[in-house]
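# Fold and geometry: a report
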Amino acid sequence: MTTGIEFLSRKKQRKGRGLGKKPALSCTSLRLPKEVMDYFNTNFAYTKQAKMREILTEYVNNQTGNQS
C-alpha cells in the first residue's frame, strides 16, 4: 500500500564529470620491452606516463588523419 508521498523522497543521482570536462582515461596493463622502459625512465623520470600518452596519441592521430 502506498501513502501518496513517495514522490517526495529523492533518489540519489550519481554525479558525472559534467559538461566541458575531459573524457575519463581507461586503465590498462601494458607489457613493454626493457629498452623502452629504460628510455622513458632516464629521459622522462617524473612524466613518463604523460609522455607515453602524448606520443601514442600523436601516433594514432597521424595514422587516422585526425589533427586535433
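Going by the structure above, here's the rest.
So, a few notes on the structure that sits alongside this text. All chains use their own residue numbering, which begins from 1 and follows the written sequence. With pLDDT at 70 or above as the cut-off, local features in this predicted model cover only qualifying residues; side-chain atom pairs require 80 or more to be listed or tallied, and sums for whole chains, interfaces and linings still use all residues. Calculated side-chain values reflect all of the structure's heavy atoms, with hydrogen atoms and water omitted.

## Regarding the overall build of the chain
Where we set the bar: Helix and strand labels come from DSSP, where a helix needs a run of H or I of at least four residues and a strand needs a run of E of at least two; each type is numbered from the N terminus. Note on classification: 1.4 Å probe, protein chains only; a residue is buried when its accessible area is under 20% of the maximum for its type, exposed when over 50%, partly exposed between these limits. All accessible areas in this document rest on Shrake-Rupley with a 1.4 Å probe, and a residue is counted as covered only by the protein chains that are shown.
A count of helices and strands for the chain gives two helices and zero strands. Residues counted as buried form 6% of the 68 residues belonging to the chain. Carbon and sulfur atoms make up 56% of the accessible area of the chain, which amounts to about 7400 Å² in all.

## As for the packing of helix 1 (residues 34–43) against helix 2 (residues 48–64)
What counts here: The axes used here are C-alpha line fits, helices contributing only the stretch in contact, and every angle between their N-to-C directions lies in the interval 0 to 180 degrees. What makes a crossing left-handed is the near helix being turned counterclockwise from the far one by less than a right angle; a clockwise turn instead makes it right-handed. Whether two residues are in contact is decided by their heavy atoms: any pair within 4.5 Å suffices. All amino acids are sorted into three groups, where Ala, Val, Leu, Ile, Met, Phe, Trp, Tyr, Cys and Pro are nonpolar, Asp, Glu, Lys and Arg are charged, and the leftover types, Gly among them, are polar.
Where helix 1 contacts helix 2, the axes come no closer than 9 Å and their chain directions differ by 120 degrees. Seen along the crossing, helix 1 lies across helix 2 with a hand that is right-handed. Contact with helix 1, carried on its side by Met 37, Phe 40 and Asn 41, involves Lys 48, Lys 51, Met 52 and Ile 55 of helix 2 and no other residues of that element. Tallied by class, residues from the contact of helix 1 with helix 2 come to four nonpolar, one polar and two charged.

## Concerning the packing of aromatic side chains
Each aromatic ring pair is specified by the distance between its two centres and by the angle formed by the two planes. In plain terms, the rule: Whether two aromatic rings pair depends on their centres lying within 6.5 Å, for rings of Phe, Tyr and Trp, where Trp uses its six-membered ring; planes under 30 degrees apart make the pair stacked, over 60 edge-to-face, and the rest tilted.
Tallied over the entire structure, the rule returns three aromatic pairs. Centroid distance Tyr 39 to Phe 40: 5.3 Å. Interplanar angle 85 degrees. Geometry classified as edge-to-face. Here Tyr 39 falls in the partly exposed class, since its relative accessible area comes to 44%. Taking the centre distance of 5.7 Å and the plane angle of 40 degrees together, the rings of Phe 40 and Phe 44 count as tilted. Note on Phe 40: relative accessible area 10%, which makes it buried. Connected via pairs of aromatic rings, a cluster forms that spans Tyr 39, Phe 40 and Phe 44.

## Quick word on helix 2
Stated precisely, the cut-off is as follows: Here a helix's expected span is defined as the number of its residues, less one, multiplied by 1.5 Å.
Given a rise of 1.5 Å per residue, 17 residues ought to cover 24 Å, and the 24 Å separating the end C-alpha atoms of helix 2 matches this to within 8%. Directly beyond the C-terminal end of helix 2, a positive phi value near 85 degrees is found at Gly 65.

## Describing the pattern of salt bridges
Close approach of charged atoms allows side chains with opposite charge to pair. The following threshold applies: What makes a salt bridge here is a side-chain nitrogen of Lys or Arg within 4 Å of a carboxyl oxygen of Asp or Glu, nothing more.
Under the counting rule described, the total for this entry stands at two salt bridges. The shortest N-O distance in the salt bridge between Lys 34 and Asp 38 comes to 3.0 Å. Here Lys 34 pairs with Asp 38, and both are found in helix 1, just four residues apart, close to one helical turn.

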